[in-house]
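Coordinates in review
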Amino acid sequence: MAHDVVLTGYGLLCAAGETPEAWWRALSSSDPLHACVDSETYKPFHVYPIVDYDLTAQVPKKGDQRAMGPMMQYGAYACGLALEAAGIKGDEELLGRIELIGAAGGGERDWEVDANVLDLLEREAEPGAELNRMLSDDLRPTLFLAQLPNLFGGNISIVHGVAGATRTFMGEESAGMDAFRVAFERARAGQGELFLVGAAFNANRPDLHVMYDGGGLLLTEPLTPVWDRPDAGICLGSAGAFFVLETADHAAARGVRPLAKVKAVASDRCRRAPGAAAENAWRQLDAVWSELRGGALAVMSGACGSGALAREEHELLTRLVDSGVDCAVRGTAAALGHTVEASFLANTVLGVSCLERGTVFPPMAASDPLEQRMADGNIEQVLVTGWGAFRGEGMALLEVAD
Amino acid sequence: MAGNGESGGPVAITGMGVITPLGEGKGENWEKLTSGVSGIHRITRFPIENLRTTIAGSVDFLDLDPVTPPSLSLELARRAAEEATEESGIFETDGARDFPGELFVAAPPIEHDWPSRRTLSHLPSHAPDSPYVTKRDNRLSNVAGRELLIEFINGTLADRLADEFGTKGSPITLTTACASGATAIQLGVEAIRRGDCPAALCIGTDGSIQEETLIRFSLLSALSTANEVPGKAAKPFSKNRDGFVMAEGAAAMVLEHPEHAKARGATILGYVLGVGEAADTFHRTRSNPNGQAIIRCMTGAIEDAGLKPDDVHYVNCHGTGTPENDKMECFGFEHVFGAHSKTMPVSSNKSMIGHTLTAAGAVEAAFTVMTIRDGVMPPTINYEIPDPALDLDVVPNEKRAAAVEFALSNSFGFGGQNVSLLFGAAEA
């Protein structure tokens, strides 16, 4: 028997803040593209840094704070918010069996050590022995732990007492989509009742910008909405995004009101021949067609900003509108940056927030026909889309709780 | 949650592939493993001056140049998966490989090794000045930059395997540290049990021995420094054990719904009967002295299989040879198995192979199934000075023949995730 699946708490720490009021304020501002951006620190790149926040509120112990890099701190913080919202924080019985499926990259670096090593490699033809000495003397043991992605989950276990399980998925955007999908499938099939799903990404890393720019992905031109950028069109953003997912029966039994229903979560991949990603996405839509209620559908798009890919998604969503689905599309990366592993889950949280308010925030792209529509007060369903920069297409269909 | 409730049940294993420092393929590995041969040797991949540990179980017999963590991890995974899929006979024709199920890959977190990082810093980058931009060399093409991105992001390895083996759906790359290989199998078991796919290709791979990875583990005081005689360094459950030895390798398993395997006439090698997992909330590198997480984990696997502790004939230990792990694992055995723990044989493959880290859970799962099939328990070698505090039958130094119907394989990770897999024999 398939179980109904619901979301009962969320947390999102991002460039727009950590509360729904803050996100909506930024997303509804007169110039959402520039409301949260930092175009100076990594000039000519644009970056969406995390807001000032008080880590101590969710991670009180100094030792725990030091054991994590920024990415893990964002995750642990957002996780705490989600647990609190779902009424689970500090509940040992529930924490003893809640299962975490997270998505994270890792690899936080010590910039100073790296600078010395790269300098050595430039100077010495045979740097081996000196490299070993330098790394042995200068690397901090705690940095290694902050670099291991499995400690994304591990740290959350320690900080919040999550003891059921902690599995961390890797693999950029797909990791976030798959974390949500696997938790959903397991809950639906009765392989578990209570899950934490989350991810985090830290954009404040000079090494990442060199790497993504080397791959021809970063926007160096002035900001525009995600739909009409060049292939080098991504602006990275920091975020930690988490939610609590459980069976409807489990939520009811512990007397918690669901924030949203999860009707479907799908993820897939293809070789990215032109049109192949859209074909995957259309197949996923087709599978949930009968679930669409016919009312206004808010679409939280995972378009990362890379030109050809964004245009492919735009065509697909246009096809959806042409098929009679009343869509209000929002390319949120234009306001919050592309948050890679966290992108799909951050958009899920924003989607739940839309369902709670019954409406959607204003367009990021005022002149775009897909974004133009302002659905006012009648949003009952949200489609979250995920389109990885290199691979991975996913979607989730959320619905207003009863 | 330990059990899998309403959708549990046995999952068939129809193909396995293994590659470790002992060699390539199940045949060579099993021959050496049961003969007590060590795969640990002096490191030659990079200079060893100024290192506290100069030994490892690196896989150096493949023709790869350069050896980078992603290129070696991919090659190891590919070879293990080829052996496993060939044994399973799951590809119907000699043509396109079309695997009828999902792919789960436990892979090491990918980071640039130093030569790659140096090349990256030479790219004609748009990035502002930083330690990561040492030159802006316009002779380097955009192709180089793109390769340095794609090769070194975490999703690429599984994506390539998905293409090569024709698996279905979104391939999952995961890490639960030293439990990763077992988690990959667990995810496959769960997907088959809930009817998402009739088969799963589950792989654990790790080819990440580089200066920096070695030094990082060294700085955590996790590695043996008994460098003099490499083959003697890994000594799980011994009184003088002083850490694990890093190693590389991969293992793959083809898992199938038993009806799917039987319908196509496949030979079933054994079954995954139960899976248990638990997270420790105590510390990043140490387990809670109350042993609660590993006890829940082993108990969960046994219960999920519908068995009692006394039914377990043998345990393939996590057995890293660190003072901490072996003590806690023994403590866990005493609590889960009671008096049975004093006589039940348990052994550590890591005494010969070293710790293949991300791959270990899969490698040792494959050897556990071979133990059941062959009725031979590989030894724990280098067991010369028993630790009197660990009252266990570790199958010391020599293999042992014994009928094994049910066996447990333990994988306990840094960062607290623990997984135990319970394997059972195929029908006679």
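Let's shift gears to the overall build of chain B. When its secondary structure is counted, chain B shows 12 helices and 15 strands. Overall size of chain B, expressed as C-alpha extent along the three principal axes, is 70 × 50 × 40 Å. For chain B, the proportion of its 428 residues judged to be buried stands at 65%. Here the contacts in chain B between residues at least 6 apart in sequence split such that 77% fall between residues at least 24 apart. For chain B, the computed accessible surface area is about 13900 Å², with 51% contributed by carbon and sulfur atoms. Where the 35 positive side-chain charges of chain B centre and where its 55 negative ones centre are 5 Å apart.

All names here are of chain B. By domain assignment, chain B separates into domain 1 (5-111 + 152-425) and domain 2 (116-150). Between the C-alpha centres of domain 1 and domain 2 there is a distance of 37 Å. Taken together, domain 1 and domain 2 are joined by zero salt bridges. A breakdown of the residues in the side of domain 1 that touches domain 2 according to their chemical character gives two nonpolar, two polar and two charged.

Counted as a void, the largest pocket has a volume near 530 Å³. Surrounding the largest pocket, 23 residues form its lining, P127(A), L131(A), P47(B), P115(B) and E211(B) being those nearest its centre. Where the lining of the largest pocket is concerned, the elements lending two or more residues are α6 (128-138) of chain A together with α3 (114-122) of chain B. Here the lining of the largest pocket gets four residues from one element, more than from any other, and that element is α3(B).

A word on the pairing of strand β7 (residues 199-206) of chain B. Residues and elements named next belong to chain B. Within β7, eight of the eight residues are buried, which leaves the element mostly enclosed by the surrounding structure. Of the two faces of β7, the one holding A199, L201, I203 and T205 and the one holding A200, C202, G204 and D206 are both buried throughout. As judged from the six bridges shared by strand β5 (residues 101-106) and β7, these two strands associate in the parallel manner. Paired with V105 across the bridge in β7 is I203.

Turning next to the interface of chain A and chain B. Between chain A and chain B, the residue contacts involve 82 residues of the former and 80 residues of the latter. Summed over both partners, the interface of chain A with chain B buries about 7100 Å², with 59% contributed by carbon and sulfur atoms. If you sort the residues of chain A by the area they bury against chain B, M170(A), Q191(A) and R269(A) come out on top, with a joint share of 10%. Counting the contacts that link chain A with chain B gives 14 salt bridges.

According to the stated counting rule, one finds 13 aromatic pairs over all chains in the structure shown. Arranged with centres 5.5 Å apart and planes meeting at 85°, the rings of W24(A) and F361(A) form a pair that is edge-to-face. Taken as a pair, W24(A) in helix α1 (residues 20-27) and F361(A) in the loop between α15 (343-357) and β9 (381-387) lie far apart in primary sequence, 337 residues in all. For W24(A), a relative accessible area of 9% corresponds to the buried category. Between F152(A) and F242(A) the ring centres are 6.0 Å apart and the planes differ by 25°, which places this aromatic pair in the stacked class. A residue pair is termed long-range when its members are at least 10 positions apart, and F152(A) in helix α8 (residues 150-160) and F242(A) in strand β5 (residues 239-247) qualify at 90 residues. Classification of F242(A) by relative accessible area gives buried; the value is 0%. Counting every residue linked through ring pairs, the aromatic cluster contains Y53(A), Y74(A) and Y77(A). Its end group placed over the ring of W114(B), R117(B) keeps NZ or CZ at 5.7 Å from the ring centre.

As a further point, take the side chain of S267(A). Residues and elements named next belong to chain A. Within the element layout of this structure, S267 appears in strand β6 (residues 260-268). Take S267: its relative accessible area is 10%, and that puts it in the buried class. Within the structure, S267 has its side chain in polar contact with the side chain of D178 (distance 2.4 Å). Among the polar contacts listed, one links the side chain of S267 to the side chain of R181, at a separation of 2.6 Å.

Of all six residues that make up strand β3 (residues 165-170) of chain A, six are buried, and the element is covered over most of its length. The pairing of strand β2 (residues 99-103) of chain A with β3(A) spans five bridges and is classified as parallel. Bridge assignment links A103(A) to a residue of β3(A), and that residue is F169(A). By the bridge criterion, three bridges tie β3(A) to strand β6 (residues 172-175) of chain B in an arrangement that is antiparallel. When the sheet's bridge partners are listed, T168(A) is paired in β6(B) with T175(B).

W23(A), F180(A), L245(A), I185(B) and L255(B) are the most contacted members of the largest nonpolar core, which has 232 residues in total. The element that contributes the greatest number of residues to this core is helix α3 (residues 70-85) of chain A, accounting for 10 residues. Not counting the four nearest positions on each side in its chain, F180(A) is found in contact with V197(A), F243(A), L245(A), V262(A), V265(A), F344(A), L345(A), T348(A), A396(A) and L398(A). In this structure, M344(B), V394(B), F406(B) and L408(B) belong to the second largest nonpolar core, which totals 28 residues.

A few words now on the domain arrangement of chain A. A common way to report how large an interface is uses the accessible area buried once the components associate. Taken as a whole, chain A is organised into domain 1 (5-106 + 148-400) and domain 2 (111-142). Taking only C-alpha atoms, the centre of domain 1 of chain A and the centre of domain 2 of chain A are 37 Å apart.

Across the interface, helix α5 (residues 111-123) of chain A lies against α3(B) with an axial gap of 10 Å and an inter-helix angle of 85°. Taken as axis vectors, α5(A) and α3(B) run roughly perpendicular relative to one another. When α5(A) is examined against α3(B), the residues D114(A), V117(A), L118(A), L121(A) and E122(A) are found in contact with a partner set consisting of W114(B), R117(B), R118(B), S121(B) and H122(B). Looking at the contact of α5(A) with α3(B) residue by residue, the classes come out as four nonpolar, two polar and four charged.

Moving on, we get to unusual backbone geometry. A cis amide bond links K43(A) to the next residue, P44(A), at an omega of 15°. Mapping P44(A) onto the fold places it in the loop between α1 and α2 (62-66). Note the cis peptide between D65(B) and P66(B), where omega equals -5°. Here P66(B) shows up in the loop between β4 (55-56) and α2 (69-88). Despite not being glycine, A177(B) shows a phi value in the positive range, around 55°. Summarising the element assignment, A177(B) is placed in the loop between β6 and α6 (180-193). Residue A177(B) is classed as buried on the basis of its relative accessible area of 11%.

The rules behind these values
- Numbers given for residues are sequential positions, taken from 1 along each chain in its written order.
- All chains are assigned letters beginning with A, and all ligands numbers beginning with 1, in the order in which they are written.
- Local features are withheld for residues below a pLDDT of 70 in this predicted model, meaning they are given only at 70 or higher, and side-chain atom pairs are given and counted only at 80 or more; totals for whole chains, interfaces and linings count all residues.
- Hydrogen atoms and water are omitted, and side-chain values are computed over all heavy atoms in the structure.
- Strands are runs of DSSP state E lasting at least 2 residues, helices are runs of H or I lasting at least 4, and numbering of each runs from the N terminus.
- Working definition: with a 1.4 Å probe on protein chains only, accessible area under 20% of the residue-type maximum means buried, over 50% means exposed, and in between means partly exposed.
- The criterion used for residue contact is that any of the two residues' heavy atoms lie within 4.5 Å.
- For the accessible areas, the method is Shrake-Rupley and the probe is 1.4 Å, while residue cover comes only from the protein chains on display.
- Note on charges: Lys and Arg go in the positive column, Asp and Glu in the negative column, and His and the chain ends are not counted at all.
- In plain terms, the charge of a residue is placed at NZ if it is Lys, CZ if Arg, CG if Asp and CD if Glu.
- For each domain, the first and last residues come from an automatic or database assignment.
- By definition here, a salt bridge exists when the distance from a side-chain nitrogen of Lys or Arg to a carboxyl oxygen of Asp or Glu is within 4 Å.
- We call Asp, Glu, Lys and Arg charged. Ala, Val, Leu, Ile, Met, Phe, Trp, Tyr, Cys and Pro are nonpolar, and the rest, Gly among them, are polar.
- In this analysis, the protein atoms alone were mapped onto a 1 Å grid. Cavities are point sets where a 1.4 Å probe fits without being able to get out; pockets are open sets with protein on both sides within 12 Å along at least five of seven lines; lining residues have an atom within 4 Å of a point.
- Grid points are joined across faces, edges and corners, and a volume is the space filled by probe spheres set on the points.
- Strands qualify as paired when DSSP identifies two bridges or more between them.
- Summed over both partners, the accessible area (1.4 Å probe) lost when two parts come together is defined as the buried area.
- We call Phe, Tyr and Trp rings a pair once their centres come within 6.5 Å, taking the six-membered ring for Trp, and we label the pair stacked below 30 degrees between planes, edge-to-face above 60, and tilted otherwise.
- Each ring is checked for a lysine NZ or an arginine CZ that lies within 6 Å of its centre and within 35 degrees of its normal; such an atom marks a charge sitting over the ring.
- For this analysis, a polar contact is any N or O atom pair within 3.5 Å, provided that within protein one partner can donate a hydrogen and the other can accept it, and provided that sequence-adjacent residues contribute only side-chain to side-chain pairs.
- Put simply, a nonpolar core is a bunch of buried Ala, Val, Leu, Ile, Met, Phe, Trp, Tyr and Cys residues held in one set by side-chain atoms that sit within 4.5 Å of each other.
- Each axis is a line fitted through C-alpha atoms, taken for helices only over the stretch in contact, and angles between the N-to-C directions span 0 to 180 degrees.
- Each angle gets one of four labels, with under 35 degrees taken as roughly parallel, over 145 as roughly antiparallel, 65 to 115 as roughly perpendicular, and the rest as oblique.

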